[in-house]
Amino acid sequence: MKPIPLIASLILGLSALSHAGGAAAAPIVLSTLPSWNGTDSIGEFGAAGFSAWGQFFRAPTGVNRMLDFTFVLSDAIQGSDATPVPVTFQAYLVPYDISARRITGPALYTSAPVTVPLTDGLQFVPYTFDMDVEVAAASGYMMFLFANNYDVRIPLDSRLRLATAGESLPVGAYNFVLDADASLDTVLAAQWFSLAGPDLAFSATFDNRPTDVPEPGTLALLAGAGLAGGWMRRRRA
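A quick note: this is a predicted structure, and the numbers were derived from the prediction, not measured. (Residues numbered from 1 in each chain as written. Predicted model: local features only at pLDDT ≥ 70, side-chain atom pairs only at ≥ 80, totals over all residues. Heavy atoms only, no water.)

### Examining the overall build of the chain
Now for step 1: Tallying secondary structure elements over the chain gives three helices and 14 strands in all.
Now for step 2: The 237 residues of the chain split such that 43% are buried.
Now for step 3: Long-range contacts, defined here as pairs at least 24 residues apart, represent 87% of the contacts in the chain between residues at least 6 apart.
Now for step 4: Summed over all atoms, the accessible surface of the chain reaches about 11700 Å², with 59% contributed by carbon and sulfur. (Helix = DSSP H or I, 4+ residues; strand = E, 2+ residues; numbered from the N terminus. Buried < 20%, exposed > 50% of the residue type's maximum accessible area, 1.4 Å probe, protein only. Contact = heavy atoms within 4.5 Å. Areas by Shrake-Rupley, 256 points an atom, 1.4 Å probe, with all protein chains shown as cover.)

As structure tokens, then:
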């Protein structure tokens, strides 16, 4: 019967390790939203405008996961047709070479399509995109929006504006592809154009999570192996 306390200790120890590993540090937020005055914006983005707008940044020191990002958008210009088409876009997070101004790998995150309602006048609304992806501290990334129906033409078109902040990050800027009618494939391969000055109004949330703690499934396997070993020792006794 001696193995029983040892097995219990193993299970309790692994459980404690799991809970300790799950206790993440307080999130780190990179944000220019507090400096937005509620009206400043840039555009146009969408049909008959630029097909993509983005914001690049360096991941903060001491983080290894990105949890979300937020942009603030408004419907802005509508075509003269009786039934203009609202902009539908998707949000992306990609690795980004800040010096070369190019995307350097596949998308780390892609949102579901989002359709921005047509409005009378500017009505800015925050759009937040939740994720849980691995990032490397101090590395370059870009979050951008791509208008899926960018090829809609006047007079059916509609276009958006993105809120701009009253400050600029030490390493960061809003940017776009010089070819206003760029397809998604072109956006992913082309060189982007960056403008000095205020950033987009945005926020991005990060945290730092231990990566060497066994997953719950691994803990279950270890505990099961311990129980099996105890049972075999009792049989031999």
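Following the structure, the description resumes.
### Some remarks on the packing of aromatic side chains
Now for step 1: Within this structure, the stated rule accounts for 18 aromatic pairs.
Now for step 2: An aromatic cluster of at least three residues, connected via ring pairs, comprises F45, F69, F71, F89, Y109, Y127 and F129. (Phe/Tyr/Trp six-rings, centres within 6.5 Å; stacked < 30°, edge-to-face > 60°.)

### With respect to the side chain of D75
Now for step 1: Residue position: D75 is located in strand β4 (residues 65-78).
Now for step 2: Within polar-contact distance, the side chain of D75 engages the side chain of Q78 at 2.6 Å.
Now for step 3: There is a polar contact of 2.9 Å between the side chain of D75 and the backbone nitrogen of T119.
Now for step 4: Discounting chain neighbours no more than four positions away, the residues touching D75 are V116, P117, L118, T119, G121, L122, S158, R159 and L160. (Polar contact = N/O pair within 3.5 Å; in protein donor to acceptor, adjacent residues only side chain to side chain.)

### What about the side chain of D68?
Now for step 1: Positionally, D68 belongs in strand β4.
Now for step 2: For D68, which is buried and forms no salt bridge, the nearest opposite charge comes from R209, at a distance of 10 Å.
Now for step 3: In this structure the side chain of D68 is engaged in a polar contact, spanning 2.9 Å, whose partner is the side chain of T205.
Now for step 4: D68 has contacts with T128, F129, D130, M131, S203, A204 and T205, leaving out every residue within four places of it along the chain. (Lys, Arg positive; Asp, Glu negative; His and termini not counted. Salt bridge = Lys/Arg side-chain N within 4 Å of Asp/Glu carboxyl O.)

### Observations regarding the pattern of salt bridges
Now for step 1: On inspection of all chains with the given rule, the structure shows four salt bridges.
Now for step 2: The partner of R161 in a salt bridge is E44, and the shortest N-O contact between them spans 2.9 Å. With R161 in strand β11 (residues 158-163) and E44 in strand β2 (residues 41-46), this pair connects stretches of sequence that are 117 residues apart.
Now for step 3: With a closest N to O distance of 3.0 Å, R65 and D132 form a salt bridge. A residue pair is termed long-range when its members are at least 10 positions apart, and R65 in strand β4 and D132 in strand β9 (residues 125-134) qualify at 67 residues.
Now for step 4: When salt bridges that share partners are traced, they join R65, D132, D207 and R209 into one network.

### Some remarks on the environment of R102
Now for step 1: One can find R102 in strand β6 (residues 102-103).
Now for step 2: Separated by 40 residues in the primary sequence, R102 and M142 have C-alpha atoms spaced 9.5 Å apart.
Now for step 3: Once you skip the residues sitting within four places of it in the chain, R102 turns out to touch P95, Y96, D97, A189, A190 and Q191.

### Some thoughts on the nonpolar core
If you look at soluble globular proteins, the nonpolar side chains tend to sit buried side by side.
Now for step 1: In this structure, M66, F69, L93, F129 and F144 are the most contacted members of the largest nonpolar core, which totals 53 residues.
Now for step 2: Among the elements that take part in this core, strand β10 (residues 140-147) stands out by supplying seven residues, more than any other.
Now for step 3: What F69 contacts, discounting residues up to four positions off in sequence, is A91, Y92, L93, Y109, Y127, T128, F129, M131, M143, S203 and A204. (Core = buried A, V, L, I, M, F, W, Y, C linked by side-chain atoms within 4.5 Å.)

### A closer look at the confidence of the model for the chain
Should the pLDDT be low somewhere, the predicted coordinates at that spot are not to be read in detail.
Now for step 1: With 78% of its residues at a pLDDT of 70 or more, the chain shows a mean pLDDT of 82.
Now for step 2: Overall, residues 1-21 carries pLDDT values under 50, and its contacts beyond four positions in sequence, including any with other chains, amount to 19 contacts. (pLDDT = per-residue confidence, 0-100.)

### Some points on the pairing of β4
Now for step 1: Taken across its 14 residues, β4 has eleven buried, putting it largely inside the fold.
Now for step 2: Pairing between β4 and strand β14 (residues 202-207): six bridges, direction antiparallel. Residue pairing across strands places R65 opposite D207, the latter belonging to β14.
Now for step 3: Relative to β11, β4 runs antiparallel, the two being bridged by five bridges. Bridged to Q78 within β11 is S158. (Pairing = 2+ DSSP bridges.)

### Quick word on unusual backbone geometry
Now for step 1: Between G43 and the following residue, E44, the backbone shows a cis peptide bond with an omega angle of 5°.
Now for step 2: For A138, which is not glycine, the phi dihedral falls at a positive 75°.
Now for step 3: On the secondary structure map, A138 appears in the loop between β9 and β10.

### Observations regarding the environment of P27
Now for step 1: Relative to the elements of secondary structure, P27 occurs in the loop between α1 (3-22) and β1 (28-31).
Now for step 2: Once the C-alpha coordinates of P27 and N208 are considered, the two residues, 181 residues apart in sequence, prove to be 7.7 Å apart.

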